[in-house]
Amino acid sequence: MADESERAVQTAIEAEMRLLDPDVRASSALVSELLDPEFHEIGASGRRWDATSILTVTSDGSVAPEAPVKVSDMSGAVLAPGIVHLTYFADHNGRRAWRSSVWRLTEAGWRMYFHQGTLTS
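Definitions and limits used
Residues numbered from 1 in each chain as written. Predicted model: local features only at pLDDT ≥ 70, side-chain atom pairs only at ≥ 80, totals over all residues. Heavy atoms only, no water. Salt bridge = Lys/Arg side-chain N within 4 Å of Asp/Glu carboxyl O. Helix = DSSP H or I, 4+ residues; strand = E, 2+ residues; numbered from the N terminus. Buried < 20%, exposed > 50% of the residue type's maximum accessible area, 1.4 Å probe, protein only. Lys, Arg positive; Asp, Glu negative; His and termini not counted. Contact = heavy atoms within 4.5 Å.

### Observations concerning the pattern of salt bridges
Next up, step 1: This model, assessed by the stated rule, comprises three salt bridges.
Next up, step 2: With its nearest N and O atoms 2.8 Å apart, the salt bridge here joins Asp36 to Arg104. One end of the pair, Asp36, is in strand β1 (residues 35–42); the other, Arg104, is in strand β5 (residues 95–106), and 68 residues separate them in sequence.
Next up, step 3: With a relative accessible area of 2%, Asp36 lands in the buried category.
Next up, step 4: Here Asp91 makes a salt bridge to Arg96, at a shortest N to O gap of 3.8 Å.
Next up, step 5: Given a relative accessible area of 19%, Asp91 falls into the buried group.
Next up, step 6: Through salt bridges with shared partners, a single ionic network connects Asp36, Glu38 and Arg104.

And the structure:
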């Protein structure tokens, strides 16, 4: 069971890191492969997002490929079978936030179901 949980957490971490990759973020097709259709987010700005609004942003050319997100303190836990919660610290061009994501296993694979960012100094 521990191996299965470790694999689930590692798979969610790999998917999270893909979503943070500027080349992936610039492609609505690649982002849509990682977002659950019921995805929702409370952004660090306080704005609420859903899968459609995220895909609109990723398809409008506003994601700068030269601006990677620096990630540290990534950890994860299996909350229930097929549900993984990740937390980490992100620094994107000096905009620093604690981030939290919930990933769920679907027939199409692991998809991000929920995400929240909280700005910090």
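### Section: the side chain of Arg111
Next up, step 1: Structurally, Arg111 is set in strand β6 (residues 109–119).
Next up, step 2: Although Arg111 is buried, it forms no salt bridge, and the closest oppositely charged side chain is Glu33 at an N-O distance of 6.6 Å.
Next up, step 3: In contact with Arg111, other than residues within four places in its own chain, are Glu33, Leu34, Leu35, Asp36, Val102, Trp103, Arg104 and Thr106.

By themselves, these are just geometric observations and shouldn't be taken as functional.
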